Amino acid sequence: MGYDLGFLFFALFTMLVLGVPIAISLAGACLMFVLITGQVPSIVIAHRMINGIDSFPLLAIPFFIFAGSLMNNGGITERIFNFAKALMGWMRGGLGHVNVGASIVFSGMSGAAVADAGGLGMIEVKAMKDAGYDEEFAVGITAASSTIGPIIPPSLPMVIYGVMASASVGQLFAAGLIPGLLMGGMLMLMIFIISRRRGYQRDAIFSMRVLGHTFKRAFLSLMTPVIIVGGIITGAFTPTEAAVAAVFYALILGVVVYRTLTWRKLLKVSMETIETTAVILFIVSSASIFAWILTSNQVTQNVIALMGPFADSKLAVLMMANIVLIIVGCFMETIAAITILVPVLLPMAVAVGVDPVHFGVIMVLNLMIGLLTPPVGMVLYVLSRVSNVSFERCMRGTIPFLIPLVICLLLVTFIPAISMWLPTLIYR
């Protein structure tokens, strides 16, 4: 059986290196394993793929994607940015702080780092360049702040993790709120330090009149995260129902209130949502076969046995998990990494007493940092495209902001209360 599992990993790795899409690589490697071993009929592959996506929480994915796209195309992002500028632009390095503040607000709507980078990123980078900020600094803080999106609820990666780990999505959402705010605070501290060294000044004079005007224009937009997060935390609706509510509210704002969404835009957004959802669910369904093979062949138990004395140490397991996740995040897309690694790493973490909800926040935060690192660096590629700045310069600008993110990761890893206090207070 060891040789057969070795072939499974070899086939998967080979296809990934050859550039075969992750979903096809997973399904193909698993199909070859089943055909070679003859353990079960090959029709089991189809059954497992269907069962893998037969989950009510997964319905939240297309709706959150749709809601985020509607907000990006409905003029909501610009109103949020203007309000954040009036609120925080008076600080040293003002537009950098505005960048983080706008991302924190928008993270309560989209749940995806790439949506943040592609939507707010265009506005933020242009505004910072026009105000005289260095291009690399502008792109770097925009990239780093976009990683807050999947930490503060709602979060697409946490929905996927919740399904794979059989964990409460509502508790995962609650667990991400304080770490997300901590990330924002740490990034703003780094902005202040860099601004003092480079002599960046304030970008606006604080004015209650301007603040009131921008707040009035953005008020209905700002209510979106209140409705989504507040509804989940208070139990008014489930995360899946919250996603539907977000779409309904975004449609009202874009079509009825702001009148910025045309039929052409709606068709474009709908097609983008269908394409993105299909890709995500294909990955999840293929990964469910992979997870089933690993579980049925007791791979995790064998890995724990190989770790020997380290398997009983919570500190050692968490450190190892962080290292693995950081490395994998550099090479693999977030959702694919979650679906592959949860069956391997989560049982080890639970065995040493780590709460699955706490581990979910650790996993997602690790993989968000991976979005800022080559060779994959999806957020960097998106920002490079929308800002016309080379990928190499985007990467250089992001490096200083990896420091506060890694510090935040270590704090969340070794101080469980940061992520667990809120879900314990609400749900337990």
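Numbering of residues begins from 1 in every chain and follows the order in which that chain's sequence is written. Totals for whole chains, interfaces and linings use every residue, but because this is a predicted model, local features are given only for residues with pLDDT of at least 70 and side-chain atom pairs only at 80 or more, for both listing and counting. As a rule here, side-chain values cover all heavy atoms of the structure and leave hydrogens and water aside.

Enquirer: Could you clarify how one ought to interpret the overall build of the chain in this entry?
Expert: A tally of helices and strands in the chain yields 20 helices and zero strands. Each radius of gyration reported is based on C-alpha atoms, and the globular scaling rule is 2.2 Å times the count of residues to the power 0.38. For the chain, whose C-alpha radius of gyration is 22 Å, the value lies close to the compact-globule estimate of 22 Å for 428 residues. By the burial criterion, 55% of the 428 residues in the chain qualify as buried. Contacts were defined at the residue level, with two residues in contact if any of their heavy atoms lie within 4.5 Å. Here the contacts in the chain between residues at least 6 apart in sequence split such that 79% fall between residues at least 24 apart. What counts as a helix is a DSSP run of H or I of at least four residues, what counts as a strand is a run of E of at least two, and both are numbered from the N terminus. Per-residue accessibility, obtained with a 1.4 Å probe over protein chains only, is compared with the maximum for each type, and a residue is labelled buried under 20%, exposed over 50%, and partly exposed between these values.

Enquirer: Could you clarify how one ought to interpret the confidence of the model for the chain in this entry?
Expert: Low pLDDT means the predicted atomic positions in that stretch should not be read closely. For the chain, per-residue confidence averages 82 on the pLDDT scale, and residues scoring 70 or more make up 92% of the total. As a per-residue quantity, pLDDT reports the predictor's confidence and falls between 0 and 100. When mean pLDDT is taken per element in the chain, helix α17 (residues 356–370) scores highest with 93 and helix α14 (residues 299–307) scores lowest with 64.

Enquirer: I tried to follow the environment of G101 on my own but got confused; where do I start?
Expert: Its location among the elements puts G101 in helix α6 (residues 94–107). Taking the C-alpha atoms as reference points, G101 and F83, separated by 18 residues in sequence, lie 9.5 Å from one another.

Enquirer: What should I look at first to understand empty space enclosed by the protein in this one?
Expert: To find the voids left in a structure, one rolls a probe of water-molecule size over its atoms. Buried and open spaces are told apart on a 1 Å grid over the protein atoms alone, a cavity being a set of points where a 1.4 Å probe fits but cannot get out and a pocket being an open set with protein on both sides within 12 Å along at least five of seven lines. Residues with an atom within 4 Å of a point are the lining residues. Grid points are joined across faces, edges and corners, and a volume is the space filled by probe spheres set on the points. Inspection of the entire model under this criterion finds one cavity of 30 Å³ or more. Together, P153, G170, F173, A174, V229, I232, I233 and Y427 line the largest cavity. Among the secondary structure elements, those contributing two or more residues to the lining of the largest cavity are α10 (169–198) and α11 (208–234). When residue character is reported, Ala, Val, Leu, Ile, Met, Phe, Trp, Tyr, Cys and Pro are called nonpolar, Asp, Glu, Lys and Arg charged, and the others, Gly included, polar. For the lining of the largest cavity, a count of residues per class yields seven nonpolar, one polar and no charged.

Enquirer: Please clarify how the packing of helix α15 (residues 314–331) against helix α16 (residues 334–351) should be interpreted in this entry.
Expert: Relative orientation and spacing of two packed helices are given, respectively, by the angle between their axes and the distance between those axes. Packing of α15 against α16 brings their axes to within 11 Å, and their N-to-C directions diverge by 170°. Regarding the angle of α15 to α16, the classification is roughly antiparallel. For the pair formed by α15 and α16, the contact residues are V317, M320, V324, L325 and V328 on the first element and A337, L341, L345, M348 and A349 on the second. Considering only residue class, the contact of α15 with α16 consists of ten nonpolar, no polar and no charged. Simply put, an axis is a line fit to the C-alpha atoms, just over the touching stretch for a helix, and the angle between two N-to-C directions goes from 0 to 180 degrees. Here the word oblique covers every angle except those under 35 degrees (roughly parallel), over 145 (roughly antiparallel) and from 65 to 115 (roughly perpendicular).

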